[in-house]
Amino acid sequence: MAHRSKYKQYWRKNLQYLSILLTIWFAVSYGFGILLVDQLDQIRLGGFGLGFWFAQQGSIYIFVLIIFVYVWLMNRLDRKFGFDEKEHGDR
Amino acid sequence: MNVQAWTFIMVATSFAIYIGVALWARARSTGDFYVAGGSVHPVVNGMATAADWMSAASFISMAGLISFMGRDGSVYLMGWTGGYVLLALLLAPYLRKFGKYTVPDFVGDRYYSQIARMVAVVCAIFVSFTYVTGQMRGVGIVFSRFLDVEITTGVFIGMGIVFFYAVLGGMKGITYTQVAQYCLLIFAYLVPAIFISMIMTGHVIPQFGFGATVTDGSGQYLLERLDGLNHALGFSAYTDGSKAMQDVFFITAALMVGTAGLPHVIVRFYTVPKVAAARISAGWALLFIALLYTTAPSVAAFARTNLLNTVADAPYEQAPEWFRNWETTGLIRFDDRNGDGRIQYTGPASEVENELFIDRDIMVLANPEIARLPDWVIGLVAAGGLAAALSTAAGLLLVISTAIAHDLFKRGLSRNISERTELITARFAAGIAVCIAGYFGINPPGFVAQVVAFAFGLAAASFFPAIILGIFSRRMNKEGAVTGMIIGISFTAIYIIYFKFLHPELNNSEHWWWGISPEGIGTLGMLLNFCTAWLISRFTPRPPRSVVEMVDRIRVPSGAGKAHEISI
């Protein structure tokens, strides 16, 4: 059952990464861009209010970053647990 | 050379490239036709996904919408990009590992049920048809404005091109044409944006120009200037919202989740060779999309400022040439109510009556003319708009043809058809779908705009929870998932039909539930779907062992193989 527990650990770690990254995803869009937009607009960033900037620019940049960080974390995790596809990929 | 000659050259060259690519990348098997043989490079797939996703609405309409909505337009920017985070983290790698061709395939196999498969097929076809109609219309509009042909002729030309490369090339042909289309559309979007940014703020990068000062030496920020102009004419400030916060929240969520649940986007992740490739290609896709989506709000602000500076209180006799051009298409209307020969363009808070009506869709197309950019830029924008519309149309037509040939026939009605017959059926279905889409492009039903809310709402309330639960819950069974989907879809559909079609006069925040508009109701439908599915599954039998094993298998990347080689 060694395989079974390895699988469980892998999946738990994956869920942990997901919850952290999705919290950031929620914070920059729904949090900064919608719920707290008026408060953040008090802070100026050049011509932008910070809330407005997050809603129309910042959230999108961070979305892109989140995906690339996720890819990096998961590739590392796959290798650590030996679940990566090197022996099967590309035939 | 004049604008028309330039436009003709740009459009003809781009069409020649699409046809050339289609001939080079013909589909030879069902694997080629459905998932491009499962061997597309992640960056290539990212570009194709970006072109697939960015439609005529993104290219032509979105910046215009935002320039009239100001901060409220953020719902589109966040909604149509944030969905990719969900897609990359929660769906793409697992669906790739599952390794079948379509979304209904996954739903049908995971929930060991033909009913589930059929519900998914019907949703996929409905969502895709809704969408494709708008694309064909977009093609017609671009043709009629820039090349001076009837909208009908424009739609026929568009149909011909799409028919050629979608029917012949299948997913393989579509993928490589979409790469060409992405390059063209992003170039066509960025060039005028950069020009305008330099003229108005002196910044080469529009994303910076957006937050910079205007170049007239006043030292005023562009957005301050815009707020001031809006205010003086009786519009609400550009950087303030007028929608209720909970509505903005729900609309954004419905668009995000809807994006992640759209079958023509999901299916693109079946075309890459490995699970790791599916993950990274979602990242590339969003990066390519973000290039346009962070430029769009800048373009919106520039366009709005330019428009107000040019037309507000200007004498009609001296109106610029673009104003007359668009007037003849009926997309700008001026009605001199007080007979003073000047254009009064005013908002709801002004005492002066508004005399000018501007269709939001023209902002991007007219922008180069408003900013007096060279003629070749205008031709480029026209070709870019066509690229955006055609690439999305092709992706959607493929989903429709796959749903009919693969999900309905091969996996549903007649299971023992040969691969050859299936491929012919798929091509035939694609052909029929092009004709139906063309018909609706020529005779658009009056409710195209309304049904778009439908497409996202339904995708959010049906596919998304079913797929998520299918991956992240080993306990979820067919009873739970099917009831959840049916409740989610019915609730969303009834709410939208009630407010959009049966009682449009009640369609305002006083009558909406908790102030949620029909555009945002898909979010509530999705939550209902999740709750129902969870509750029902607790009181019904566990899924069979083989299904639980399948869930375990899709959770780890190793052993994916190519999409068409897996058989479970």
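What you see is a predicted model; the values in this text were computed from it and never measured.

Draft legend 1. Region of the structure containing the overall build of chain B. Helices and strands together make up the secondary structure of chain B, namely 22 helices and two strands. Taking 24 Å as the expected radius of gyration for a compact globule of 568 residues, we find that chain B reaches 24 Å, a close match to that expectation. As displayed, chain B has an accessible area near 19700 Å², and 63% of this comes from carbon and sulfur atoms. Charged side chains in chain B number 38 positive and 36 negative. The centres of these two groups are separated by 19 Å.

Draft legend 2. Seen up close, the confidence of the model for chain A. Residue and element names in this part refer to chain A. In the predicted model, chain A carries a mean pLDDT of 83, and 91% of its residues have values of at least 70. Least confident of the elements in chain A is strand 1 (residues 44–45), whose mean pLDDT is 79; most confident is helix 3 (residues 50–81), at 90. Low confidence marks residues 87–91, where pLDDT is under 50. Its contacts with residues over four positions away, or in another chain, come to seven contacts.

Draft legend 3. Local environment of the pattern of salt bridges. Residues and elements named next belong to chain B. Scanning the model with the defined rule gives six salt bridges over all chains in all. The partner of R474 in a salt bridge is D552, and the shortest N-O contact between them spans 3.0 Å. With R474 in the loop between helix 19 (463–472) and helix 20 (478–502) and D552 in helix 22 (residues 545–555), this pair connects stretches of sequence that are 78 residues apart. You can call R474 partly exposed: its relative accessible area is 33%. Residue R545 is joined to E549 by a salt bridge in which the shortest nitrogen-to-oxygen separation is 3.5 Å. On the criterion of helical spacing, the pair formed by R545 and E549 is a turn pair, its members being four residues apart in helix 22.

Draft legend 4. Structural context of helix 21 (residues 521–538) of chain B. Across its 18 residues, helix 21 of chain B extends 26 Å between first and last C-alpha, which sits within 8% of the 26 Å expected from 1.5 Å per residue. I521, G522, T523, L524, G525, M526, N529, T532, A533 and S537 of chain B are the residues of helix 21 of chain B that are buried.

Draft legend 5. Fine view of the packing of aromatic side chains. As enumerated under the stated definition, the model contains 29 aromatic pairs over all chains in all. For the pair W25 of chain A and Y30 of chain A, a centre-to-centre distance of 5.7 Å together with 70° between the ring planes defines the contact as edge-to-face. Judged by relative accessible area, which is 11%, W25 of chain A ranks as buried. On the accessibility criterion, Y30 of chain A (3% relative accessible area) is buried. Relative to F288 of chain B, the ring of Y182 of chain B lies with its centre 5.3 Å away and its plane at 55°, an arrangement referred to as tilted. Taken together, the residues Y182 of chain B in helix 8 (residues 151–201) and F288 of chain B in helix 13 (residues 275–311) connect sequence positions 106 residues apart. Through pairs of rings, three or more aromatic residues link up here, namely W25, F26 and Y30 of chain A together with F249 and F250 of chain B.

Draft legend 6. The packing of helix 5 (residues 74–98) of chain B against helix 22 of chain B, seen in detail. Residues and elements named next belong to chain B. Across the interface, helix 5 lies against helix 22 with an axial gap of 8 Å and an inter-helix angle of 120°. The pairing of helix 5 with helix 22 is recorded here as oblique in orientation. Read as a crossing pair, helix 5 and helix 22 show a hand that is right-handed. Along its contact with helix 5, which presents Y94, K97 and F98, the element helix 22 presents M550, R553, I554 and R555. By residue class, the composition of the contact of helix 5 with helix 22 is four nonpolar, no polar and three charged.

Draft legend 7. Here's a closer look at the nonpolar core. Residue and element names in this part refer to chain B. The biggest cluster of nonpolar side chains holds 226 residues, and the ones touching the most others in it are W53, F59, L89, L91 and Y293. Counting residues per element, this core draws most heavily on helix 16 (residues 375–413), at 20 residues. With near-sequence residues (within four places) excluded, L91 lies in contact with L86, A260, F464, I467, I468 and I471.

Draft legend 8. Molecular detail of the confidence of the model for chain B. All names here are of chain B. Residues with a pLDDT of 70 or more make up 95% of chain B, whose mean pLDDT is 81. Per-element confidence in chain B is highest for helix 21, whose mean pLDDT is 90, and lowest for helix 2 (residues 30–35), whose mean pLDDT is 72. The model gives residues 562–568 a pLDDT under 50, and that stretch makes 20 contacts with residues more than four places away or in other chains. Both confidence scores are given for the complex: pTM 0.87, ipTM 0.90.

Draft legend 9. Looking closely at the side chain of R71 of chain B. Residue placement: R71 of chain B occurs in the loop between helix 4 (56–69) and helix 5. Judged by its relative accessible area of 13%, R71 of chain B is buried.

Draft legend 10. Expanded view of a nonpolar patch on the surface. Among the surface-exposed residues, F26, L35 and L36 of chain A together with M245 of chain B lie close enough to one another that they form a single nonpolar patch of about 320 Å² accessible area. Along the chain, F26 of chain A turns up in helix 1 (residues 2–35).

Draft legend 11. Seen up close, helix 6 (residues 103–110) of chain B. Residues and elements named next belong to chain B. Counting buried positions along helix 6 gives eight out of eight residues, so the element sits mostly inside the fold. Burial in helix 6 covers these residues: V103, P104, D105, F106, V107, G108, D109 and R110. Remark: Y112 follows helix 6 within two positions and exhibits a positive phi of approximately 35°.

Draft legend 12. Region of interest: the packing of helix 19 of chain B against helix 21 of chain B. Residue and element names in this part refer to chain B. At a minimum axis distance of 9 Å, the contact between helix 19 and helix 21 shows a crossing angle of 40°. In terms of their interaxial angle, helix 19 and helix 21 are classed as oblique. Crossing handedness for the pair helix 19 and helix 21: right-handed. Along its contact with helix 19, which presents F464, P465, I468 and L469, the element helix 21 presents M526, N529, F530 and A533. Looking at the contact of helix 19 with helix 21 residue by residue, the class counts come to seven nonpolar, one polar and no charged.

Calculation criteria
All residue numbers here refer to positions counted from 1 along the written sequence of the relevant chain. Key to labels: chains lettered from A, ligands numbered from 1, both in the order written. Residues qualify for local features only when their pLDDT is at least 70, as the model is predicted, and side-chain atom pairs are given and counted only at 80 or more; totals for whole chains, interfaces and linings, by contrast, use all residues. Each side-chain value is worked out from all heavy atoms of the structure, with water and hydrogens disregarded. Secondary structure elements follow DSSP: runs of H or I of four or more residues count as helices, runs of E of two or more count as strands, with numbering from the N terminus. For the radius of gyration, the atom set is restricted to C-alpha positions; the globular benchmark scales as 2.2 Å times the number of residues to the power 0.38. Note on areas: Shrake-Rupley with a 1.4 Å probe; residue coverage comes only from the protein chains shown. A residue counts as positive if it is Lys or Arg and as negative if it is Asp or Glu; His and the chain ends are not included. Lys charges are placed at NZ, Arg charges at CZ, Asp charges at CG and Glu charges at CD. Here pLDDT means the predictor's own confidence in every residue, given as a number from 0 to 100. Contact criterion: two residues are considered in contact whenever any of their non-hydrogen atoms come within 4.5 Å of each other. Here, a salt bridge means any Lys or Arg side-chain nitrogen found within 4 Å of an Asp or Glu carboxyl oxygen. Burial classes: relative accessible area under 20% of the type maximum marks a residue as buried, over 50% as exposed, and values in between as partly exposed (1.4 Å probe, protein chains only). To estimate the expected span of a helix, subtract one from its residue number and multiply by 1.5 Å. For this analysis, a ring pair means two rings from Phe, Tyr or Trp (six-membered ring only for Trp) whose centres lie within 6.5 Å, classed as stacked if their planes differ by under 30 degrees, edge-to-face if by over 60, and tilted for the remaining angles. In this description, a line fitted to the C-alpha atoms serves as the axis of each element, helices being fitted only across the stretch in contact, and the angle between N-to-C directions of two axes falls anywhere from 0 to 180 degrees. For classification, angles of less than 35 degrees are called roughly parallel, those exceeding 145 degrees roughly antiparallel, those between 65 and 115 degrees roughly perpendicular, and all remaining angles oblique. Each crossing gets its hand from how the near helix is turned against the far one by less than a right angle, where anticlockwise is left-handed and clockwise is right-handed. Each residue gets one label: Ala, Val, Leu, Ile, Met, Phe, Trp, Tyr, Cys and Pro are nonpolar, Asp, Glu, Lys and Arg are charged, and the others, such as Gly, are polar. Here, the term nonpolar core denotes a set of buried Ala, Val, Leu, Ile, Met, Phe, Trp, Tyr and Cys residues that are joined through side-chain atoms within 4.5 Å. Patch rule: a residue counts if its relative accessible area is over 30% and it has no salt bridge; like charges are joined within 9 Å, and nonpolar side chains (Val, Leu, Ile, Met, Phe, Trp, Tyr) within 5 Å.

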